[in-house]
Amino acid sequence: MTDRAVEILYVEDDIADVELTMLALQASGVANRIQVARDGVEALDYLFCRGKHVDRDFSIPKVVLLDLKLPKVSGLEVLQAIRNDPRTRMLPVVILTSSREQRDLVDSYKLGVNSFIQKPVDFEQFSQTIRQLGFYWLLVNEVPSPGANEL
Amino acid sequence: MIVSGAALLLAGAAFLVYDLVTFRETMASSLSIQAEIIGSGSVSALEFDDTRSAKATLSALKASPSILSAAIYTSDHRSFADYTRDPEHRMPLPPEIPAGKTEVQSFQDEHLILGKAIPFQGKTAGFIYIESDLTELNDRLTHYAGIVAGILVVSLLAALLISSLSKRAISTPVIHLAEMVRVVSREKNYSLRATAINSRSELAELIDAFNEMLSQIQERDGALEKARDELEHRVAERTAELAAVNKELEAFSYSVSHDLRAPLRHIDGFSLILAQKYGPALDAPAQQYLKRIRDGARHMGQLVDDLLGMAQIGRQEVVRKSVDLHALVKDAVRDLQSEWDGRRIEWKIGALPVLSCDPNLMKIAIVNLLSNAVKYTRKCEDAVIEADHFQQAGQTVIFIRDNGAGFEQEYAHKLFGVFQRLHRSEDFEGTGVGLATVQRIIQKHGGRIWAEGKVDEGAVFFFTLGAHDRQSGRDSLR
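Note that the coordinates shown come from a computational prediction; the quantities given were computed from them, not determined experimentally. Each chain has its residues counted from 1, running along the sequence as written. Chains carry letters from A onward and ligands carry numbers from 1 onward, assigned in written order. For a predicted model such as this one, the threshold for reporting local features is a pLDDT of at least 70, and the threshold for listing and counting side-chain atom pairs is 80 or more; totals across whole chains, interfaces and linings nevertheless cover every residue. Hydrogens and water molecules were not included; the side-chain quantities draw on all heavy atoms of the structure.

### Examining the overall build of chain A
Each helix corresponds to a stretch of at least 4 residues labelled H or I by DSSP, and each strand to a stretch of at least 2 residues labelled E; elements are numbered beginning at the N terminus. Across its full length, chain A holds 5 helices and 5 strands. The N-to-C order of helical and strand elements in chain A reads β-α-β-α-β-α-β-α-β-α. Whether two residues touch is decided by their heavy atoms; if any such pair falls within 4.5 Å, the residues are in contact. Taking all contacts inside chain A whose residues are at least 6 apart in sequence as the whole, residues at least 24 apart take part in 64%. Accessible surface area values rest on a Shrake-Rupley calculation with a 1.4 Å probe, where residue burial reflects the displayed protein chains alone. With the model as given, the accessible surface of chain A reaches about 7500 Å², and the carbon-plus-sulfur share is 51%.

### So, the overall build of chain B
Check the secondary structure of chain B and you find 11 helices and 12 strands. A buried classification covers 37% of the 478 residues belonging to chain B. Just so you have it, chain B exposes about 28200 Å², and 57% of that area is on carbon and sulfur atoms. Exposed residues in this analysis have more than 50% of their type's maximum accessible area, buried residues have under 20%, and partly exposed residues fall in between, with area computed by a 1.4 Å probe over protein chains only.

### As for the pattern of salt bridges
Opposite charge on two side chains permits pairing when their charged atoms draw close. Residues and elements named next belong to chain B. Here a salt bridge means any side-chain nitrogen of Lys or Arg lying within 4 Å of a carboxyl oxygen belonging to Asp or Glu. One pass over the structure, following the stated rule, counts 25 salt bridges over all chains. As a salt-bridge pair, Glu103 and Lys116 come within 2.9 Å of each other at their nearest N and O atoms. Highlighted residues: Glu103 in strand 3 (residues 103-108) and Lys116 in strand 4 (residues 111-120), separated in sequence by 13 residues. A relative accessible area of 10% means that Lys116 is categorised as buried. Its salt-bridge partner being Asp382, residue Arg344 comes within 2.5 Å of it at the nearest N-O pair. Residue Arg344 is found in the loop between helix 8 (337-340) and strand 7 (345-349), and its partner Asp382 is found in the loop between helix 9 (359-376) and strand 9 (383-392); the two are separated by 38 residues along the sequence.

### Details of the interface of chain A and chain B
Many descriptions give the size of an interface as the accessible area lost when the pieces come together. Across the boundary between the two partners, chain A contributes 24 residues, which contact 24 residues of chain B. With both sides pooled, the region where chain A packs onto chain B buries about 2200 Å², and carbon together with sulfur makes up 54% of that total. Counting every contact that joins chain A to chain B gives 4 salt bridges. For Arg298 of chain B, the salt bridge is made with Asp122 of chain A, and the minimal N-O distance between the two is 3.0 Å. Counted as a polar contact is a pair of N or O atoms within 3.5 Å, where, for protein atoms, one must be capable of donating a hydrogen and the other of accepting one, and residues adjacent in sequence contribute only when both atoms are in side chains. Across the contact surface, chain A and chain B share 7 residue pairs in polar contact (both at pLDDT 80 or more). By buried area we mean the combined loss of accessible area, with a 1.4 Å probe, across both parts when two parts are placed together.

### A closer look at the side chain of Thr464 of chain B
All names here are of chain B. On the secondary structure map, Thr464 appears in the loop between strand 12 (458-463) and helix 11 (473-477). Owing to a relative accessible area of 6%, Thr464 belongs among the buried residues under this scheme. Residue contacts for Thr464: discarding those within four places in its chain leaves Gln395, Thr396, Val397, Ile442, Gly447, Arg448 and Trp450.

### Notes on the sheet that holds strand 12 of chain B
All names here are of chain B. Taken in spatial order, the 5 strands make up an open sheet running 7-9-10-12-11, and their pairing is mixed. Each end of this open sheet is capped by a strand with a single partner; those strands are strand 7 and strand 11 (449-454). Sheet twist, expressed as the average angle between the axes of neighbouring strands with direction ignored, equals 15°. Sheet topology places strand 9 next to strand 10 (residues 395-402); 8 bridges connect them, and they run antiparallel. A strand pair is defined by DSSP finding two or more bridges across the two strands. Each axis is a line fitted through C-alpha atoms, and for a helix only the stretch in contact is used; angles between axes span 0 to 180 degrees, taken between their N-to-C directions.

### Concerning the packing of helix 1 (residues 2-41) of chain B against helix 4 (residues 135-187) of chain B
All names here are of chain B. Running from amino to carboxyl end, helix 1 crosses helix 4 at an angle of 165°, the nearest separation of the two axes being 10 Å. The orientation of helix 1 with respect to helix 4, classified from their angle, is roughly antiparallel. In terms of crossing hand, the pair formed by helix 1 and helix 4 is right-handed. In this structure, helix 1 contributes Ser4, Gly5, Leu8, Leu9, Gly12, Phe15, Leu16, Asp19, Leu20, Phe23, Arg24 and Met27 to the contact, and helix 4 contributes Glu136, Leu137, Arg140, Leu141, Tyr144, Ala145, Val148, Ile151, Leu152, Ser155, Leu156 and Ala159. Of the residues belonging to the contact of helix 1 with helix 4, the class tally is 16 nonpolar, 4 polar and 4 charged. Every angle not falling under 35 degrees, over 145, or within 65 to 115 is termed oblique; those three ranges are roughly parallel, roughly antiparallel and roughly perpendicular. Working rule for handedness: look at the near helix, and if it is turned counterclockwise from the far one by less than a right angle, call the crossing left-handed; if clockwise, right-handed. Amino acids outside the nonpolar list (Ala, Val, Leu, Ile, Met, Phe, Trp, Tyr, Cys, Pro) and the charged list (Asp, Glu, Lys, Arg) are all regarded as polar, and Gly is one of them.

### Topic: the nonpolar core
Residues and elements named next belong to chain B. Remark: nonpolar core denotes a set of buried residues (Ala, Val, Leu, Ile, Met, Phe, Trp, Tyr, Cys) joined through side-chain atoms within 4.5 Å. Counting residues in hydrophobic clusters, the biggest one holds 40 residues, and the most contacted among them are Met362, Ile366, Leu370, Phe461 and Phe463. Of all the elements in the fold, those that place two or more residues in this core are helix 7 (325-335), strand 8 (354-357), helix 9, strand 9, strand 10, helix 10 (434-444), strand 11 and strand 12. Take this core: its biggest share by element is 8 residues, from helix 9. With sequence-adjacent residues up to four places away left out, Ile366 is seen in contact with Leu328, Val329, Ala332, Ile400 and Phe463. Counting residues in hydrophobic clusters, the runner-up holds 26 residues, among them Ala28, Ile67, Leu112 and Ile118.

### Digging into helix 2 (residues 40-47) of chain A
Residues and elements named next belong to chain A. Most of helix 2 is tucked away, with 7 of its 8 residues classed as buried. Looking only at helix 2, the buried set comprises Gly40, Glu42, Ala43, Leu44, Asp45, Tyr46 and Leu47. For helix 2, the elements touching its buried residues are strand 1 (8-11), strand 2 (34-37) and helix 3 (75-84). One side-chain oxygen of the residue at the start of helix 2 lies 3.0 Å from the amide nitrogen of Val41, identifying that residue as Asp39.

### Observations concerning the sheet that holds strand 5 (residues 123-133) of chain B
Pairing between the strands of a sheet comes from backbone hydrogen bonds, and it takes one of two forms, parallel or antiparallel. Residues and elements named next belong to chain B. The strand order 2-1-5-4-3 describes an open sheet built from 5 strands, whose pairing is antiparallel. Only two strands of the sheet have a single partner each, and these edge strands are strand 2 (79-84) and strand 3. Strand-to-strand twist in this sheet, taken as the mean axis angle between neighbours without regard to direction, amounts to 15°. Note that strand 1 (residues 67-74) and strand 2 share 5 bridges and pair antiparallel. Paired with Ala71 across the strands is Asp82, a residue of strand 2. Across the sheet, helix 3 (residues 51-59) touches strand 1, strand 2 and strand 5, and the angle it forms with strand 2 is around 30°.

### Examining a nonpolar patch on the surface
Candidates for patches are residues over 30% relative accessible area with no salt bridge; among them, like charges are joined within 9 Å and nonpolar side chains (Val, Leu, Ile, Met, Phe, Trp, Tyr) within 5 Å. Together, Phe135, Tyr136, Leu139 and Val140 of chain A make up a nonpolar patch on the protein surface, roughly 400 Å² of accessible area in all. Take Val140 of chain A: its relative accessible area is 43%, and that puts it in the partly exposed class.

### Considerations on the packing of helix 6 (residues 284-315) of chain B against helix 10 of chain B
Packed helices, taken two at a time, are described by their axes: the angle between them and the distance between them. All names here are of chain B. At a minimum axis distance of 10 Å, the contact between helix 6 and helix 10 shows a crossing angle of 5°. Comparing the axis directions of helix 6 and helix 10 gives the class roughly parallel. Side by side, helix 6 and helix 10 meet where Met310, Ile313 and Gly314 of the first sit next to Ala436, Thr437, Arg440, Ile441 and Lys444 of the second. Of the residues that constitute the contact of helix 6 with helix 10, the class distribution is 4 nonpolar, 2 polar and 2 charged.

### Structural notes on the pairing of strand 4 of chain B
Side-chain direction in a regular strand flips from residue to residue, so the side chains alternate between the two faces of the sheet. All names here are of chain B. Burial of strand 4 is extensive: 7 of the 10 residues sit out of reach of the surface. Two elements, strand 3 and strand 4, share 6 bridges in a ladder whose sense is antiparallel. Opposite Gln105, over in strand 4, you have Leu114 as the bridge partner. Hairpin geometry of strand 3 and strand 4 is characterised by an intervening segment of 2 residues between the two adjacent antiparallel strands and by a positive phi of about 40° at Asp109. Examined bridge by bridge, strand 4 and strand 5 share 10 bridges and lie antiparallel to one another. Across the sheet, Ile118 pairs through a bridge with Gly126, a residue of strand 5. In sequence, strand 4 turns back onto strand 5 through a hairpin of 2 residues, with Gln121 there showing a positive phi of about 45°.

Right under this line is the structure:
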């Protein structure tokens, strides 16, 4: 990783999904700076500069793309940890999952998710969704500048 | 007690009266015989006017202590001779013998006077009168009365004793038993027992039988309670089992939802990338195979989605509301617009009623049925899709009719099975889940669904919503 700020933290355990998503994102040209975490622990380590990311200067990405079913620490637990920490409380989190269970939707929104997207099986639809996602969260959406949450 | 006393008294009195009468008769007849004997002994004395001899004959009466006095009169009623036991005693005036009779009896206070004619050679030679004392009779009467009174007292005492004994042996246990029956039936307490009595009477048997009956009721109650407890236990067990199975099913469908879709997406994604990046290098059959792979992945994705949808509907509870079916069908037609864009379809939507049903589930069912109609009329030039209703056996039957591809009536029963299809997917795409879902929705409402069809002429799907459907005003206005 370069010193340039990471725009997307992408948390996904499935390597094929990672590859497909990266292809879609790169094809859309909206994002090049993507950090991939392969489980919940890695995602939290990265965000809060712990473990192998202990030397990283703290900075928050523009958006977190989060899968629900993850090894060790689940997506919902990651979401909860993000919302519990004042530094990341306002960080936009998008759930990107295969699930279409109502229970997952309800739980995610209860924990303060910003968006819930079900990955379509059709790759063309999937690519389009990813493109729109990158476009919206990186270019359209505005977030409070760092330090603004102390106001 | 009173009855037996009275009966005893009456019997005693009757006996007394009978005895008195008999004794008087016996007395009179014995007096009559004595008078006869004295009379015949005095005939010669009367004939020869021998008073002394007559007196001597009369004095023979001394032997009978009850005879107080006696007198002989001549045939012309002159006193001829007399006898008195006590010289002080005077014989009362004798009664006259009525004409035509030879004897007269007269009971006076304490005396009996018997008069008799003395016959001699067909004539009356004179008359004899004997006065007898009734003391013997009175003594006898007093004696008898005493005996009767004694018997009465003794038997009354005996009756009293017997009745008190019988009260102790019969009445008390019967009253106790009756009270016990009342208590048992009032309190429904079958653990109570009547006090057993120490005898071999019918009453003891009755009490034993009653107690036995109580024991049996108590036993049966116990058995019933045990059976009920067991049943409750079993229901609780089954409920827990069902809950566990349900949870497993939920976990299964969750896992299907999440885990089965990811590999499908990979198959589709990578085959598409392959086609895009290396397509030009591949020959036509290779490209066709790639397309087949993608079609397969997408079809399976659809299957998974439909199955999950159906499972979700299966878990969902029916929340009934008054639903305007007419508006619902119009909405559904609008929702399906994209499926029939560019085609000409004549929609005939009748004045459908307001029914009591779950609006969300009913919408899914109607959309499925209309979507089918749109799909299977695809090859028709003048497609007509009709939605209406009629009344049958007190129920509202809703139907959706099309003039599309139809089906063979022979296989109508297979239409509603999961994954069952009557058309090839090259002709009409589909997963075979739609009608199964519709059937599940209708059945959850307590209704029934059936279909009629003819190849190339069309199909009609009918359904009812069970006994719960409420007729609307609109229906009656028509």
